[in-house]
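Below, each chain spelled out in residue letters.
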Amino acid sequence: MATSFKFKPLTISILLLFLCNAIASSASGSSSTTMHTNNWAILVCTSRFWFNYRHMANTLSLYRTVKRLGIPDERIILMLADDMACNARNKYPAQVFNNENHRLNLYGDNVEVDYRGYEVTVENFLRILTGRHETAVPRSKRLLSDEGSHILLYMTGHGGDEFLKFQDSEELQSHDLADAVKQMKEKRRFKELLIMVDTCQAATLFSQLQSPGVLAIGSSKKGENSYSHHLDSDVGVSVVDRFTFFTLAFFERLNMYDNASLSSLFTSYNPNTLMSTAYYRTDLYQRRLEEVPVTNFFGSVMETIHTDSPYRAFSNRYYRKSKTEMPSDQSGGGNQRALEDSDVLEELADPKLNAIQVGCPLTHTWNTILGRMEKITQIDNFVNCGVVLMFPIVALSSWFSH
Amino acid sequence: MTEVSAVVKPKPRPIIRIGLFLISHSLFVSIVCCIAGVLALLLLPVLAKNTYISENALMPGSASAMLSTDDASDGHVFVNKIMSISSMSINSGIEIPEMIAKHIIESGGEVNYHKFQPLSDSFHPLQFFVGPDAGMVQDNYSSTSYGVNTVGIVRAPRGDGKEAIIIVTPYNSVKPTTSEALSLGVAYSVFTLLSRVSWLAKDIIWLAADSRHGEHAAVAAWLRDYYTLSSGDLEHEVTSVKRDGVSNGFRRAGTMAAALVIKVADSSTGFEKDGLKIYAEASNGQMPNLDLINIVNYLAVHGQGLQVRVEKIWSLLDSWWLYSLGELQELIGKVAKSLNPGWKFGIPASDYVEGCTTLASSLYNQALGIPTGPHGAFRDYQVDAITLEFSPRFSSSQRVLFLLHVGRLVEGVIRSVNNLLEKFHQSFFLYLMTSPSRFVSVGTYMIAFALLIAPLPLVAAALFSDASKSKSPGESIPTSPAWNWLYTAKTVLIVHLWGAIVTIIPYFLRQFPDSSPLISLLTWIASSAVLLFFTRAASSSLPFSCASQLQTSEWTLLKAVTVAAAFIGLCLMSVINYATAEIGALLLVPMCLMAVPLRIDATAKTAKTVARGACNVLLVFVGFPPAAFLLSKGALSSFDGVRLDDFWNWIESLREWNSATYIYICMVHLPCWVLCIHILLHRR
C-alpha cells in the first residue's frame, strides 16, 4: 500500500528520536550534561533584632520575587532569624515593608517560613545544604534537590572577612560553606548553584569554594561595607539593603518569560549607587553568563522540548489530546519556553516529559521535521485525499499500461 | 676578667634593675612624673574624643517625630489649667494631682497616687557599695505634710511588660511655678501621644513628683517603694477599685530602662535658640551610660536645633592663664602639623578654654559625689537617668512651639530607648565631659592620675632604703630598720584611727541642732585637735613604745610610711570615685613628697632649703581641708563672700548625701595632712 509507504519516514524518525533520547540519558553520568530538572531556592536571613529589620525585608523580597517567577513554595526554604512583623516596635503590626512607600506588604498571605527564630543556626543551615537531617525533620524543611537541580542560595546578614554572622552568636565561615557545597556536589544534590550574598565583605565568603557548577555573587568586595538603601522614617528603621534593592529593581522589570541573562543582571549593578563593588565569581561555572537566563535560578523556567510525538505513533486520539495541552506558540522550535503557572511546572518537572536540548543534531533535525509535519493540517483529510486520488492514479496507470 | 666577674656576681633581672634605677633617682623621677601628671590633666580637653552612638539598636532620629501641633496645644491647655489652679487662693496641694490623674485617665493611662514622707536623713556612707537599704519602709503618715506623687502608666500594646521608661517632672503641688507647669505640659503632651502609638515595646511611666520636700526626696521615695513590696501593697491590690479609676495601690511596670527628668529653667537663655542643659552626675561621681547623653545631644542638635550645654565653671572661662595655655597648645599643634601633616592635634584656644571649664565642672561635680538633680536617685538603682533642663527663649505666645520642640525631643529619646534590647551597656560609664559632644574616657584620664601617684611608692622605697643604710655609728641597741618601720607604722595607724573618729564627730554634733554652722565647725575642729592630742599621749605612754630611742632616721621612715599610706588611700579612692582621687592627689602628692622637717631647713640656711621650707608651709596650709575649700571658692568667685561656715555647710551636705568624698577627706586626706605637719615639726 502506498499509504504504508508514505508513513515509513515517520516511523524511522520516531525510531531516531528514541535513539537520541537513549544517548542523552546514557550520557547523564556527568552532571554537566544532566538535564535541568527543577529549581530550588534557599533564602536565609541570619540576623535578629529590630534594628536588622532590613535583612528580613531583603529575604522576604527575594522570596516574593522567586515565587513570582515560578518557584513553588515547597521548593523554597525560607529561614528568618527573627520576627519583625510581630515585633512590638513595629508600627504596622504583622506587616513588613521593603520600601517607605508601603505599597507592598511582604508579609501578606502565603508566606511559608520553614526555619524561624532560633532555628536559624549554622548547624541547621549546613544540614539543609548537605541533607543530613535528623529523622524527625519533615520533608517541607528539607532540600530535596537532585542532580538536575538549579539552586539559588541567598543569604543576608552581618558579615566580615570570610564569615557571616548567624543570630548574633555564631558564624558561618567560608570554609564551612565551601565544605557544604562540596558535599552537595559529591552527593549530586545540584547541577548548578548560584550563591548570592548581601553582607559586608561578601566576596570573602566565596574564597574557599572549589566545586564546579557554582556561581557566586556578593554585594561587596573585601574591605568594603554593604549599605542600606533607605530609611523608612515612619517605621523608624532602614528597610532594604542597596544590593538587594537594585537586584529587586532588576527583577521587577521581568516576568517569567523574559530572556534576560545573568550577565545583564550582573552588569546592572552600579558601584556608585551600590556604594560597594558587586563581585561575582565565575571560574567554577561552565556556561557563558550571556547565555544563561536569570530565570534558570530565580524562576523555575526550563528549556523544554515536547516529546509528545511518541503518543502519535500509537494513536491519533492520544496525539490530539496532547496537542490541545500544548501552548499555542509551540511551533517555533529552538529556544521556546512555555510555562503558565506552577501547576504546569509540576508536570514539566518530570524528567521524562521534558528534556533539555543538549545540541544533539538528530533531535534538532527531528524538531524541524516535526514542525513541518504539523503544518500539514489534518492527517485524516490527507489520508482521505490520498485514497480518493489513488483511484484516478490507478486508473491512469492501468490505462497507460494497456 | 669581665667574664669572671660576671659569673661571680650575676646581674639581677632587668625589671629589678629598672626598679632600682628609678628608686635611686626618685627625686628626679617624682618631679618629672608630677609635672607630667599635671600636664596630662591639662591636656585632657585636647585628648577628648567626639561622642558617637555606640549601641546599634538605638537608632536615634531614624523615625520621624509624631508629636503634632495638636498635641502641643493640648499640652498648652494643660499648662493653663495648672496655672489657673495654682492662682486659686485655697490650695491644699491635692487639686493638681487630681487634675493630672483625670487627664491621664482620659488619655487612656493607668494612674495611682503615691503618698510619701521625706526620710529623716541618716548617714549611710557605705550605701555606695550595698545599694539603698530597702528594709526600712515606714508606714506612719502621722504628719499631714506628706507629698503626693502622681504616677501615670501607659502599657505597651504589644510589649511584654517587662521594661519601662520613666519620665519625671518635679513640681511643687501647692504652688507650681510657670516653668514647672511647662515641664508638666511637655510630659503631658508626650504622654498622650504615647498612649496612642502602636510602636511601644516598653511601658511608659510618668512620675509627676511632688517637690514640696525636695525633688530628689520625692523621686527617691517613689523609687524606694517601687523596689520594695510594702505591707499595704497587697491589701490595696484587692481594694484598689476606687472612684474614677484612680488606684491607691502601687502600680509598677517592669525594670526601668532609662529615666528622663524634664525641667524647665526659670530664666531664659539669652541665645538665639532654645537651650538645653544636661545634668548627669549621680551620687559618688557615677554617670549614666554615655549613649543616653549621646542620643539626647544628637536629637537636640540635629532634630530640634536646640543649643545643648553641659555645666561649666564660668569664672574660669575668662582666666588669662587658661587662655594662654590654650594658645600654647594651639601653636604646638600648628608646628607639629607643619612638620608632618599627618599629626593632627591641637584645638583652637577658645575651644580649649571651653573644654577646660567644662572638664573642671565635670570633675568637680563627680568629685563632690552629690547628684546634680533628681536623676541621681535612679542611679542608686543602676538605672540610667539624666536631667534635661530646657531654657526657653520665648515670649509666652510661643509656648506651643516650645512645647512642640521639647515634646518631639522627648518623644525621639523615648523612641530610641524603646528600640533598646538590653540595658544600656555598649558605651562608657566612666568618663568626663568636655563639651556635650566630646568626652574623655577612663583609659585616657587615668593616665594623669597614674602619673601623679607613680612617685609615691618610689619615694617610699627610696626613703626606706635610705633609712636602713644611714645608721648612726654610735647606735647601741641592735634594732633593725624593719622594726623601726613598724613603730612608725603604728604612729601612722593611730593617726588614721583618729581620722575615723573625726569622721563620726559631726554625727554627734547633729544632736545639737540649734548651734550655728560656725560654732559646729569650730567645735568639730577643737574636739578633733583635743582627740589628736590625747591619742598621741596615749600611744606614747604605751609600754612597747620606743619613742625615746628613735633614731635620726625616724622622720624619713615616718615619711616613707606616710607616703605609702597616702598611696594606698588614693588608689582605693580612685576605684570608688576617680574625680575625688584626682583632685585629692593634686593636693596630697606634692605635700607628702615635699615634707622635710623645718628644723633641718632652718639649720642649713641655704636658699634652696629656705625655699623648700616656705613651700612646705604653703603646701600644708593649702592642704588643710577648710583652707583648700575656701581658697578655691574665693579663687573661683570672689573672696568677699567667703565665710568659714560655708565649709561646714559643704561638709554637712557631703555627709547628708552619703558621699564617699567625705570619708576620703576625713580618713585619708586629714590623717596624711596631720602626719605631714608631724614631719615638718619633727625635732631632729
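It should be emphasised that the depicted structure is a prediction, and the values quoted were computed from it without experimental measurement.

For the structure shown, the criterion picks out 27 salt bridges over all chains. The partner of A:R54 in a salt bridge is A:D241, with the nearest N and O atoms 3.0 Å apart. On the criterion of sequence distance, the pair formed by A:R54 in helix α3 (residues 53–68) and A:D241 in strand β11 (residues 237–241) is long-range, its members being 187 residues apart. For the pair shown, A:R54 and A:D241 are each scored as buried. Taken together, the shared-partner salt bridges connect B:E110, B:R155, B:D203 and B:R251 into one network.

Residue and element names in this part refer to chain B. Strand order in the open sheet made by the 3 strands is β1-β11-β10, with antiparallel pairing throughout. Looking at strand neighbours, the two that pair on one side only are β1 (49–50) and β10 (431–435), the edges of this open sheet. Pairing of β10 with strand β11 (residues 438–441), which is carried by 4 bridges, proceeds in the antiparallel orientation. Bridging from a neighbouring strand, S435 pairs with R438 of β11.

This paragraph deals with helix α20 (residues 578–594) of chain B. Residues and elements named next belong to chain B. The end-to-end C-alpha distance of α20 is 24 Å, a good match for the 24 Å that 17 residues give at a rise of 1.5 Å each. When the local axis directions of α20 are compared, the greatest deviation, roughly 35°, occurs at A585. A large share of α20 lies buried, amounting to 12 of its 17 residues. Every buried residue of α20 is accounted for by Y578, A579, T580, A581, E582, G584, A585, L588, V589, M591, C592 and L593.

A word on helix α5 (residues 95–106) of chain B. Relative to the 16 Å expected for 12 residues at 1.5 Å per residue, α5(B) spans 17 Å between its end C-alpha atoms, a close match to the ideal helical length. Taken as a whole, α5(B) has its buried residues at B:I96, B:P97, B:M99, B:I100, B:A101, B:H103 and B:I104.

What follows concerns the confidence of the model for chain B. Detail in the predicted coordinates should be disregarded across regions flagged by low pLDDT. Residues and elements named next belong to chain B. Summary statistics for chain B give a mean pLDDT of 82 and a share of 85% for residues scoring 70 or more. Low pLDDT, under 50, characterises residues 1–6; the stretch is placed with 0 contacts to residues that sit more than four places away or in other chains. In this model residues 235–243 is a low-confidence stretch, pLDDT under 50, and it forms 7 contacts with partners more than four residues away in sequence or in other chains. Interface confidence for the predicted complex, expressed as ipTM, amounts to 0.79; the pTM equals 0.80.

Contacts between chain A and chain B engage 18 residues on the former and 19 residues on the latter. In total, about 1,400 Å² of surface goes out of reach between chain A and chain B, with carbon and sulfur atoms giving 55% of it. On the chain A side of the interface with chain B, the three residues burying the most area are A:F51, A:A88 and A:R89, jointly 46% of the side's total. Connecting chain A to chain B are 11 residue pairs in polar contact (both at pLDDT 80 or more).

All names here are of chain A. Mapped onto the elements, M196 comes out in strand β8 (residues 192–198). Taking the C-alpha atoms as reference points, M196 and A180, separated by 16 residues in sequence, lie 16 Å from one another. Those residues in contact with M196, other than ones at most four positions away along the chain, are L153, Y154, M155, I217, F243, T247, L265, Y269 and F298.

Residue and element names in this part refer to chain B. The space that makes up the largest pocket amounts to roughly 1,500 Å³. Around the largest pocket, the lining comprises 40 residues; the ones closest to its centre are Y364, I583, L586, S632 and L636. For the lining of the largest pocket, the secondary structure elements donating two or more residues are α3 (26–47), α11 (320–339), α12 (349–368), α20, α23 (625–636), α24 (644–656) and α25 (660–680). With 9 residues, α12 is the single largest residue contributor to the lining of the largest pocket. Tallied by class, the residues present in the lining of the largest pocket amount to 28 nonpolar, 9 polar and 3 charged.

Cut-offs used in this document
Residues numbered from 1 in each chain as written. Chains lettered and ligands numbered in written order. Predicted model: local features only at pLDDT ≥ 70, side-chain atom pairs only at ≥ 80, totals over all residues. Heavy atoms only, no water. Salt bridge = Lys/Arg side-chain N within 4 Å of Asp/Glu carboxyl O. Helix = DSSP H or I, 4+ residues; strand = E, 2+ residues; numbered from the N terminus. Buried < 20%, exposed > 50% of the residue type's maximum accessible area, 1.4 Å probe, protein only. Pairing = 2+ DSSP bridges. Expected span 1.5 Å × (residues − 1). Bend = angle between axes of the 7 residues up to and from the residue. pLDDT = per-residue confidence, 0-100. Contact = heavy atoms within 4.5 Å. Buried area = accessible area lost by both parts, 1.4 Å probe. Polar contact = N/O pair within 3.5 Å; in protein donor to acceptor, adjacent residues only side chain to side chain. 1 Å grid on protein atoms, 1.4 Å probe; cavity = no way out; pocket = protein on both sides within 12 Å on 5 of 7 lines; lining within 4 Å. Points joined across faces, edges and corners; volume = space filled by probe spheres on them. Nonpolar A, V, L, I, M, F, W, Y, C, P; charged D, E, K, R; others polar.

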